[in-house]
Amino acid sequence: MITSKPDLVLETRLSRKLMDVFIRAGLVLALTLLCFRIFAPFITMMAWALILAVTAYPGHQALARKLGGKQGLAATLLVLVGIALIVVPMAVVLGSMGDSVHETVERVRENKVEIPEPPASVAEWPVVGSKVHGAWSLAHTDMPSVIQRMQPQLGELAAKALAMVASIAGTVLLFMASFVIAGIIMAFGESGAQAAREILGRIVGIERGVEFAALSTATIRAVSLGVVGVAFIQAMAVGIVMIVAAIPFAGVLAMIVLVLGIAQVPALLVTVPAIAYIWMSGNYGTVPAVIYTVLLGIGGMLDNVLKPLLLGRGVDAPMPVVLMGALGGLAGAGILGMFIGATALSLGYQILMAWVATHPDVVTESDLPPAT
């Protein structure tokens, strides 16, 4: 079969254009990978900065209006206030946590740990009662030998505890840096919001892009305030009361309250034993014990009041959807995954409901394009 000259010219042009497309796509992919590699160390910090900026932006705008529209000054003041109100209490709790760990390690090394005698009823516990009573009695009568026997495990545990405290301190520094970057983002918030709407508009269409941008913003604020915010407020409140009451390991207990709050587990698991310690230790008078009991009781139930007010507020998706997305993201990718999971599940819910509403056999006037 003989190919005509016009066909050869067309084939040559198509092959050259195809090669040109492949080269351009390869260059774009290489540039994208290079940009990602450069930006990768800052992804976590920038993600937190974006979350903080989206959460605090309404407050920033209200403050800017009172300052005569000065966006930069309002962002600077908001960052300073945020660091003072969030980072400083967290630093106090972390300091208490570090002191508790250090004190425990020193007491173990110097064999100053004293274990009270076990009650006789412990031996009557089913299955494990005799073993627990025996180990407890040995720790009470001969604690140095127990410590000597468990020295490798205790040393490893102490190292892990100190490493955890150091990691949390590094997270606080990262949080402070994210706060500063969030202030810069808020100062240019309007242009950033417009850019986000345009990007989403290119992906899902102009009208849907605006809706998805609004939904993403509302979801991030709901998770920030309703999950992380409530857990943080509760942990700080309980931690400060425990520090004032001189309860042992107050900083550690406050961090446990924070983790439980984020995981949607009641903080009463920590506050109730703390209240029992206050009344059973004999170190408190009746009036201080009552005051600390009331404060810890309020702190332990604080999430029951704040969560319904903040979680899901302003989000065009049911609160269970937002909560399940947050918990699923938390299980899969940590605290940052909470925001990603809640936002993704809310967007997926909206897409599903839009698909359900647009039945192929039912066409209304609003579904038709405008007449030309």
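Quick note: structure is the one above.
In this text the structure is predicted, and so the values were computed from the model without any measurement.

It is worth spelling out the pattern of salt bridges at this point. Counted according to the given criterion, the structure contains two salt bridges. With its nearest N and O atoms 3.1 Å apart, the salt bridge here joins Asp-20 to Arg-24. Of this pair, Asp-20 and Arg-24 both sit in helix α1 (residues 5-39), four residues apart, which is roughly one turn of that helix. Here Asp-20 falls in the partly exposed class, since its relative accessible area comes to 33%.

What follows is about helix α2 (residues 43-66). Between its first and last C-alpha, α2 extends 33 Å over 24 residues, near the 34 Å set by a 1.5 Å rise per residue. Its axis deflected by about 50° at Tyr-57, α2 carries its strongest bend there, up to four residues before the proline Pro-58. Among all positions in α2, only Met-45, Trp-48, Ala-49, Ile-51, Leu-52, Ala-53, Val-54, Tyr-57, His-60, Gln-61 and Ala-64 are buried.

Summarising the element assignment, His-60 is placed in helix α2. For His-60, a relative accessible area of 0% puts it in the buried group. Each residue touching His-60, except ones within four places of it in the same chain, is listed here: Gln-71, Ala-74, Ala-75, Leu-78, Met-186 and Ala-187.

Membership of the largest hydrophobic core comes to 36 residues, with the highest contact counts inside it found for Val-223, Met-242, Ile-247 and Leu-296. Those elements that place two or more of their residues in this core are α2, α8 (206-244), α9 (250-262), α10 (268-280), α11 (286-300) and α13 (319-357). Met-45, Ala-53, Phe-175 and Phe-179 belong to the second largest nonpolar core, which has twelve residues in total.

Running from amino to carboxyl end, α8 crosses α11 at an angle of 165°, the nearest separation of the two axes being 9 Å. Judged by the inter-axis angle, α8 sits roughly antiparallel to α11. Helix-helix and strand crossings are classified by hand; for α8 and α11 the assignment is left-handed. Here α8 contributes Gln-234, Val-238, Val-241, Met-242 and Val-244 to the contact with α11, which in turn contributes Tyr-292, Leu-295, Leu-296, Gly-299 and Gly-300.

Following the criterion strictly, the structure yields one cavity of 30 Å³ or more and no others. Here the largest cavity is characterised by a volume of approximately 30 Å³. For the largest cavity, the full set of lining residues is Gly-226, Val-227, Val-230, Ala-231, Gln-234, Gly-261, Gln-264, Asp-303 and Lys-307. At the level of secondary structure, the elements contributing two or more residues to the lining of the largest cavity comprise α8 and α12 (302-310). If you tally residues by element for the lining of the largest cavity, the top one is α8, at five residues. Residue classes in the lining of the largest cavity are distributed as three nonpolar, four polar and two charged.

Two descriptors summarise a pair of aromatic rings, namely the distance from one centre to the other and the angle between the planes of the rings. Taken as a whole, this structure holds one aromatic pair when the rule is applied. Judged by centre distance (6.0 Å) and plane angle (85°), the rings of Tyr-284 and Tyr-292 are edge-to-face. For Tyr-292, a relative accessible area of 17% puts it in the buried group.

Before going further, it helps to spend a moment on the layout of surface pockets. One number sums up the size of the second largest pocket: a volume of about 940 Å³. Leu-50, Val-54, Ala-196, Thr-217 and Ile-220 are, among the 30 residues lining the second largest pocket, the residues nearest its centre. When residues of the lining of the second largest pocket are traced back to their parent elements, those giving at least two are α2, α6 (151-187), α7 (189-204), α8 and α13. At eight residues, α7 tops the list of elements feeding residues into the lining of the second largest pocket. A per-class count over the lining of the second largest pocket returns 22 nonpolar, five polar and three charged.

A few words on the side chain of Thr-271. Among the secondary structure elements, Thr-271 is positioned in helix α10. In this structure Thr-271 touches Val-238, Leu-296 and Gly-300, once residues within four positions along its chain are discounted.

Cut-offs used in this document
- Residues numbered from 1 in each chain as written.
- Predicted model: local features only at pLDDT ≥ 70, side-chain atom pairs only at ≥ 80, totals over all residues.
- Heavy atoms only, no water.
- Salt bridge = Lys/Arg side-chain N within 4 Å of Asp/Glu carboxyl O.
- Helix = DSSP H or I, 4+ residues; strand = E, 2+ residues; numbered from the N terminus.
- Buried < 20%, exposed > 50% of the residue type's maximum accessible area, 1.4 Å probe, protein only.
- Expected span 1.5 Å × (residues − 1).
- Bend = angle between axes of the 7 residues up to and from the residue.
- Contact = heavy atoms within 4.5 Å.
- Core = buried A, V, L, I, M, F, W, Y, C linked by side-chain atoms within 4.5 Å.
- Axes fitted to C-alpha atoms, helices over the stretch in contact; angles between N-to-C directions.
- Parallel < 35°, antiparallel > 145°, perpendicular 65-115°, else oblique.
- Left-handed = near helix turned anticlockwise from the far one by under 90°.
- 1 Å grid on protein atoms, 1.4 Å probe; cavity = no way out; pocket = protein on both sides within 12 Å on 5 of 7 lines; lining within 4 Å.
- Points joined across faces, edges and corners; volume = space filled by probe spheres on them.
- Nonpolar A, V, L, I, M, F, W, Y, C, P; charged D, E, K, R; others polar.
- Phe/Tyr/Trp six-rings, centres within 6.5 Å; stacked < 30°, edge-to-face > 60°.

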